[in-house]
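Letter by letter, the chains look like this.
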Number of protein chains: 2
Amino acid sequence: MSEDKVSELATPALVVDADALERNIALMAAALPGDRLRPHVKAHKCTSLARRQAAAGHHRFTCATIRECEGMVAAGLGEDLMLANEVLDASRIGVLLEAGARVTLAVDSAETVDAAARGGVREVIIDVNVGLPRCGCQPADAGRLAELARGRGLSVRGVMGYEGHVMIVEDPAERARQCRESMEQLVAAAADVGGELISAGGTGTYDCNTWATEIQAGSYALMDAQYNRQGHAFAQAVFVLATVISTAAEWSVANAGLKAFGMDHGNPEIGGSTVWFCSDEHTTFSPPRPVGDRVWLVPAHVDPTMAYHERLYLYSGDEVVDCWPIDLRGW
Amino acid sequence: MSEDKVSELATPALVVDADALERNIALMAAALPGDRLRPHVKAHKCTSLARRQAAAGHHRFTCATIRECEGMVAAGLGEDLMLANEVLDASRIGVLLEAGARVTLAVDSAETVDAAARGGVREVIIDVNVGLPRCGCQPADAGRLAELARGRGLSVRGVMGYEGHVMIVEDPAERARQCRESMEQLVAAAADVGGELISAGGTGTYDCNTWATEIQAGSYALMDAQYNRQGHAFAQAVFVLATVISTAAEWSVANAGLKAFGMDHGNPEIGGSTVWFCSDEHTTFSPPRPVGDRVWLVPAHVDPTMAYHERLYLYSGDEVVDCWPIDLRGW
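Because the structure is a prediction, the values reported are computed rather than measured.

Participant: For this particular structure, what's the right way to read the domain arrangement of chain A?
Facilitator: Interface size is often expressed as the accessible area that is lost when the parts come together. Residue and element names in this part refer to chain A. With domains assigned, chain A is organised as domain 1 (6-14 + 234-325) and domain 2 (18-222). Taking only C-alpha atoms, the centre of domain 1 and the centre of domain 2 are 31 Å apart. Listed by partner, the interface residues are 15 residues for domain 1 and 18 residues for domain 2. Where the side of domain 1 that touches domain 2 is concerned, the elements lending two or more residues are helix 10 (302-306), strand 15 (311-316) and strand 16 (319-325). Its residues placed into classes, the side of domain 1 that touches domain 2 shows 12 nonpolar, two polar and one charged.

And the structure:
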């Protein structure tokens, strides 16, 4: 197998349409230029891809893990990172700051403020719960928490609040209405907290969230079957390329399965086919195709799909134009 | 964070109870000694764990990918590997054979027989469909396919057929009945094919599949929530250890999520708690617990869970006794 041609790549292979990726990045950069977008690297876990986002004008990034922060700093992309997640041991962030990076850490409790201060963190953002039952303090507690942080010598850059429960609403009008509800709470908390940042949003609300000063979208660059159903202008750019290894009267089997796809949003999709189920290394689908046929599978959920793969192949037509390591995996 | 104590491990961490693992391995080795078991490494993807299975008397292993074969050979465990999966480019197996390993390749079509012959494979096994809509030829075609393989100079070691649709049947009597149905087809195909191997089964049928000459079980060593519901004697040995990073009036959030768990069988389980949902790096559950509490999560499906992690920590009590790389990931 050669790595020069898509048609000759060993499968399963994670492949990204270079033109679609560039169009998605350009489209988002036009809608949310520069610091209006803080791209979330958890969606792709790839510093080479983050570098394309930086080339489009975005120099502030969002991370979900300390490992993502470390990798971004190592790649020279640590100008203004936000770890939009709570940690109880921030010492590895302190190390990054000592080396000259800028990392702002989310806090939502006295314990996480304490962890930030003990770990050598200098800047925090108050994480506010805006309706998703996950992290974030109650909106009414945000001001008190900011005071607590300032009392520990931490600089408070503002508030963040992820309206994740809104991302999956398929009707745009209803999505916008629920987004407003969430952001009204966040804006009220921002008034209590102070600071310059109101950080929120994602690919599902990038076009209706007009309250946040910056949007933490990530999925838009590569997309997935879930977000495709929302009718955004972004094109599907990432696929798992597989090969039909077995075929029967009523079905065929492609050689990519549960270890190649995040499955929480359901099965991957194959255009024109019905996916029956996935096993560890297989996807059974119909109608059947000849053994040897290439199959292009669209992940249902891009983030946990990327986390399974060591590398992606960037392609244009049948040419493999680059190979990028998925270098932000793990913790 | 120290790596000497479980209570001080950075989270999320994949942890394995050393005593439970050894008991599971011993229990299976008593039920299916030596070559009666051909442990499937896809369930753990860890050559250090495979070495424990070899120490219990099993020297033949099952693999699902060429990468798993390569890793097992590199670890000195390539005495008798079966790649229980179809491939269309077998050249990397040919390389392993040149280096002195023994790998038997599954074939289920003229195309896969041809790929085996072209790739330098010497021994094949006829993969027979016994009811799961996945790979495998029709039982009536097995003899013809064996002749085709022999005509290409390949040695045919027998038949394999995975009754995967039976594994998930929770009632033991019904599971045994469906297993018999599948295996009667496989035994009939074996008579047409010849050879010494009838390879089948898994953790769900290890105790009722009396037709196969060898059982390809893998999950028994570490177990998962799905198999626990079948009431086997194997103990849960693998957990994802997480930490409560945020807590609210009605829920808490642990710092392990979609990138730490194979999700196709549903959410991970937490003893005494209700899991609400998982996000990329979070599991929301109730009732709430204090920030900083450790949470032990049982994966719903062990195989795709292992594939997300770089390493596992083997523990006994609060002592971390070893750290094993999950070295068979990727393709």
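After that view of the structure, there is still more to cover.
Participant: Got a minute to help me understand the environment of Ile198 of chain A in this structure?
Facilitator: Residue and element names in this part refer to chain A. Structurally, the position occupied by Ile198 is in strand 7 (residues 197-200). Separated by 57 residues in sequence, Ile198 and Asp141 have C-alpha atoms that sit 16 Å apart. Here Ile198 is in contact with Gly158, Val159, Leu186, Val187, Ala190, Trp211, Ala212 and Thr213, once residues within four sequence places are set aside.

Participant: Sorry if this is basic, but what is going on with the sheet that holds strand 6 (residues 155-161) of chain A here?
Facilitator: The strands that make up a sheet pair up through hydrogen bonds in the backbone, lying either parallel or antiparallel. All names here are of chain A. With parallel pairing, the seven strands of this open sheet are ordered in space as 2-3-4-5-6-7-8. Each edge of the open sheet is held by one strand with a lone partner, namely strand 2 (60-63) and strand 8 (214-215). By the bridge criterion, four bridges tie strand 6 to strand 7 in an arrangement that is parallel. Each residue of the ladder has a partner; that of Met160, found in strand 7, is Ser199. Strand contacts of helix 8 (residues 172-193): strand 5 (123-127), strand 6 and strand 7, with the helix running at about 170 degrees to strand 6, the strand carrying the most contacts.

Participant: Help me out: how do you make sense of the interface of chain A and chain B in this one?
Facilitator: In this complex, chain A contributes 46 residues to the contact, which on the side of chain B involves 46 residues. Breaking the side of chain A that touches chain B down by element, the ones donating at least two residues are strand 9 (238-247), strand 12 (274-279), strand 13 (282-286) and helix 10 of chain A. Partitioned by chemical class, the residues of the side of chain A that touches chain B number 21 nonpolar, 13 polar and 12 charged.

Participant: Is there a simple way to explain the sheet that holds strand 5 (residues 123-127) of chain B in this structure?
Facilitator: Strand order in the open sheet formed by seven strands is 2-3-4-5-6-7-8 (chain B), with parallel pairing between adjacent strands. Two strands in the sheet have a free side with no partner beyond their single neighbour: strand 2 (60-63) and strand 8 (214-215) of chain B.

Participant: Mind showing me how you'd approach unusual backbone geometry here?
Facilitator: Residues apart from glycine generally show negative phi values, whereas peptide bonds are mostly found in trans. Residues Thr11 of chain A and Pro12 of chain A are joined by a peptide bond in cis, for which omega reads 0 degrees. Among the structural elements, Pro12 of chain A can be located in the segment before strand 1 (13-17). Omega for the bond connecting Ser286 of chain A with Pro287 of chain A falls within 30 degrees of zero, at -5 degrees, which places this linkage in the cis form. For Pro287 of chain A, the position within the fold is in the loop between strand 13 and strand 14 (294-298). The backbone phi angle of Lys45 of chain A is positive, close to 55 degrees, even though this residue is not glycine. Phi is positive for Met223 of chain B, close to 70 degrees, though the residue is something other than glycine.

Participant: What exactly am I supposed to notice about the relation of the copies chain A and chain B here?
Facilitator: Think of it as a corkscrew move, a rotation about one axis and a shift along it, taking one chain copy to the other. Rotating chain A by 180 degrees and translating it 0.0 Å along the rotation axis places it on chain B, where the RMSD comes to 0.0 Å. The transformation relating the two chain copies, once decomposed into turn and shift, fits a two-fold axis. Comparing interface residues between copies, 100% of those in chain A also sit at the interface in chain B, which points to an isologous, same-surface contact.

Participant: I would appreciate a short explanation of the packing of helix 3 (residues 66-74) of chain A against helix 4 (residues 91-98) of chain A in the present structure.
Facilitator: When two helices pack together, their arrangement is captured by the angle between the axes and the distance separating the axes. All names here are of chain A. Where helix 3 meets helix 4, the axes come as close as 10 Å, and the angle between the chain directions of the two elements is 15 degrees. Regarding the angle of helix 3 to helix 4, the classification is roughly parallel. Between helix 3 and helix 4 lies a crossing of left-handed hand. Of the residues in helix 4, those touching helix 3 at Ile66, Cys69, Glu70 and Val73 are Arg92, Ile93 and Leu96. Residues that form the contact of helix 3 with helix 4 fall into these classes: five nonpolar, no polar and two charged.

Rules and cut-offs
- Residues numbered from 1 in each chain as written.
- Chains lettered and ligands numbered in written order.
- Predicted model: local features only at pLDDT ≥ 70, side-chain atom pairs only at ≥ 80, totals over all residues.
- Domains from an automatic or database assignment.
- Contact = placed C-beta atoms within 7 Å.
- Helix = DSSP H or I, 4+ residues; strand = E, 2+ residues; numbered from the N terminus.
- Nonpolar A, V, L, I, M, F, W, Y, C, P; charged D, E, K, R; others polar.
- Pairing = 2+ DSSP bridges.
- Axes fitted to C-alpha atoms, helices over the stretch in contact; angles between N-to-C directions.
- Least-squares fit on C-alpha atoms with pLDDT ≥ 70 in both.
- Parallel < 35°, antiparallel > 145°, perpendicular 65-115°, else oblique.
- Left-handed = near helix turned anticlockwise from the far one by under 90°.

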